[in-house]
Amino acid sequence: MSNNEVNESDCCGNGCSNCILDNKPKPSQRALLAGRPNVILNYAKFKLLSNEPCNGDQQVRCLHFVYAESEDKTEQAGILDIPPGHHVMLRMDQQASPLLRPYSPYWTDFASKEFKLLVKLQPGGAMSAQLSGLQLEQVLQFRGPIGNYMHDASSAKNIFIIAQGVAIAPTMPLVAQVLDNEDDMSRVRHLICAKDLKHVYLRDQLLEFGKYWNYSSCLYLSQQQTELTSSLRYKESAHLGRLNIKDLAAQAPKGIEDAKIIVIIAGYANFQRDMREQALQALPVAAANIFAL
Ligand SMILES: Cc1cc2nc3c(=O)[nH]c(=O)nc-3n(C[C@H](O)[C@H](O)[C@H](O)COP(=O)(O)OP(=O)(O)OC[C@H]3O[C@@H](n4cnc5c(N)ncnc54)[C@H](O)[C@@H]3O)c2cc1C
């Protein structure tokens, strides 16, 4: 594949925990095993297949993309590998410097080279303005995968995944990779923080996860105004209020106490910082085993 260099101008400047400058897109183990190139390692074109509002909110969009086939025969035979918890960079060319923003797929298909994003359009945001006018079949440029978290399925772990708002997106493939592997004895506790039930995204998938023995979830709703119990679905559990140290400590593992604890945090930088501090106080977790996406 052509020029795979990363330089200063490839950084979006948003201060991502996993900046592209420190996490250069590189061939994954999976791509190497398949013996086929990962089409997204350098900027590649992806066509918009669908653009739907999420939870009826026009400002939160589920965007579905497919690789727009290249003339290059090697790339045609390629695969799309975006490992769980990794993000991609969207580039929009403008007159001055290109506009760059990171987004985290909540679903990817290796063979058909498709992925889905959950995007919250920010009022006054530069990329949001571009994305709000997206047309079906429009072609955008993405590059990745960017990130450094890798799950090790060789020994059972207690995995705490803490997500805020739309940042639930990158946590979905992380959960799926544990549950889809029958040999993986790890347990996942998915703690989902949102303003209210209407702002809990991908609920149907969460309920599907709930069918597995090694998955449990809890919603923490900081501003829920209406009565909750009747709105919850079968096996859904929720707390009114923000997730705090006491709640986290109450989730401390019982059953496989010896298993290593991993904490993964997805959300804004201040949320990542607060949750990291709380996790260190509430759980017997080593600082090196706390990962921010
Ligand atoms: C690793 C990573 C993954 C991400 N994944 C996702 C994802 O999957 N989905 C998602 O929706 N987002 C995701 N984001 C956030 C995303 O990258 C963008 O930051 C987001 O879409 C807003 O971009 P924007 O260009 O529209 O807004 P920006 O132009 O960056 O502005 C953001 C906000 O700041 C305000 N603002 C801008 N300029 C000023 C100013 N001068 N003064 C005051 N306020 C100002 C804007 O009004 C807007 O509300 C991710 C971020 C990171 C770091």
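The rules behind these values
- Here, residues in each chain are numbered from 1, in the same order as that chain's written sequence.
- Only residues with pLDDT of at least 70 are given local features in this predicted model, and only at 80 or more are side-chain atom pairs given and counted; all residues enter the totals for whole chains, interfaces and linings.
- Note: side-chain values were computed over all heavy atoms of the structure, leaving out hydrogens and water.
- Under the DSSP-based scheme used, a helix requires at least four consecutive residues in state H or I and a strand at least two consecutive residues in state E, with every element numbered from the N terminus.
- To estimate how far a helix should reach, multiply one less than its number of residues by 1.5 Å.
- Think of it in three bands: with a 1.4 Å probe and only protein chains considered, a residue is buried below 20% of the maximum accessible area for its type, exposed above 50%, and partly exposed in between.
- An arc is given here, and it is the one of the directions from the helix axis to the C-beta atoms.
- Residue contacts follow a heavy-atom distance rule, with two residues in contact if any of their heavy atoms lie within 4.5 Å.
- For this purpose, a residue is taken to be near a molecule or strand whenever a single non-hydrogen atom of the residue falls within 4 Å of it.
- We define a polar contact as two N or O atoms separated by no more than 3.5 Å, with the added condition that, inside protein, one atom must be a possible hydrogen donor and the other a possible acceptor, whereas residues neighbouring each other in sequence contribute only through side-chain atom pairs.
- Using a 1.4 Å probe, the Shrake-Rupley method yields the accessible areas, and only the shown protein chains count as cover for residues.
- Each residue receives one of three labels: charged for Asp, Glu, Lys and Arg, nonpolar for Ala, Val, Leu, Ile, Met, Phe, Trp, Tyr, Cys and Pro, and polar for the others, Gly being one of them.
- Put simply, buried Ala, Val, Leu, Ile, Met, Phe, Trp, Tyr and Cys residues joined by side-chain atoms within 4.5 Å make one nonpolar core.
- Note that domain bounds follow an automatic or database assignment of domains.
- If DSSP finds at least two bridges between two strands, the strands pair.
- As a rule, the C-alpha atoms of each element are fitted with a line to give its axis, helices using only the stretch in contact, and angles between N-to-C directions run from 0 to 180 degrees.

Visitor: In this structure, what is going on with helix H7 (residues 269–282)? I would like to understand it.
Guide: Helical periodicity: at 3.6 residues per turn, an α-helix aligns residues three or four positions apart in one direction. The end-to-end C-alpha distance of H7 is 20 Å, a good match for the 20 Å that 14 residues give at a rise of 1.5 Å each. Those residues of H7 that fall on the buried side of the exposure criterion are Phe 271, Gln 272, Met 275, Gln 278, Ala 279 and Ala 282. When H7 is viewed along its axis, its buried side chains cluster within an angular range of 135° and face the same direction. In H7, the exposed positions angled more than 90 degrees off the buried face are occupied by Ala 269 and Gln 281. Summarising the contacts, the buried residues of H7 are in contact with strand S8 (157–164), strand S9 (187–194), helix H6 (245–250), strand S12 (260–266) and strand S13 (290–292).

Visitor: Explain the site of the ligand to me, please; I cannot follow it from the model alone.
Guide: Not every one of the 17 residues close to the ligand is listed here, only the nearest: Arg 101, Pro 102, Pro 123, Met 127 and Ser 128. In this structure, an oxygen atom belonging to the ligand sits 2.6 Å away from a main-chain N or O atom of Pro 123. Protein contact buries 60% of the 970 Å² of open area that the ligand shows by itself. At the level of secondary structure, the elements contributing two or more residues to the shell around the ligand comprise strand S4 (99–103), strand S6 (114–120) and helix H3 (126–132). Per-class residue counts for the shell around the ligand are eight nonpolar, seven polar and two charged.

Visitor: Which parts of the structure should I look at to understand the nonpolar core?
Guide: If you look at soluble globular proteins, the nonpolar side chains tend to sit buried side by side. Ranked by size, the top nonpolar core spans 35 residues in total, and within it Leu 118, Ile 168, Val 200, Leu 206, Phe 209 and Ile 264 carry the most contacts. Taken together, the elements giving at least two residues each to this core come down to strand S2 (57–67), S8, helix H4 (171–179), S9, helix H5 (203–209), strand S10 (215–221) and S12. No other element matches the six residues that H4 contributes to this core. Residues from two domains meet in this core; each of domain 1 (8–146) and domain 2 (157–292) gives at least three. If you look at the next biggest cluster of nonpolar residues, it comprises 24 residues, including Tyr 67, Leu 121, Met 127 and Leu 134.

Visitor: Would you mind going over the sheet that holds strand S7 (residues 139–146) with me for this structure?
Guide: Strands pair in a sheet through their backbones, by hydrogen bonds, and they do so in one of two ways: parallel or antiparallel. Sheet architecture is open: seven strands sit in the order S4-S3-S7-S1-S2-S6-S5, paired in antiparallel fashion. Both edges of this open sheet fall to S4 and strand S5 (107–109), since each of them pairs with a single strand only. Taking the axes of each pair of neighbouring strands and ignoring which way they run, one obtains an average angle of 35° across the sheet. For strand S1 (residues 44–54) and S7, the ladder comprises four bridges, and the chain directions are antiparallel. Bridging from a neighbouring strand, Phe 46 pairs with Leu 140 of S7.

Read these as spatial facts, not as claims about activity.
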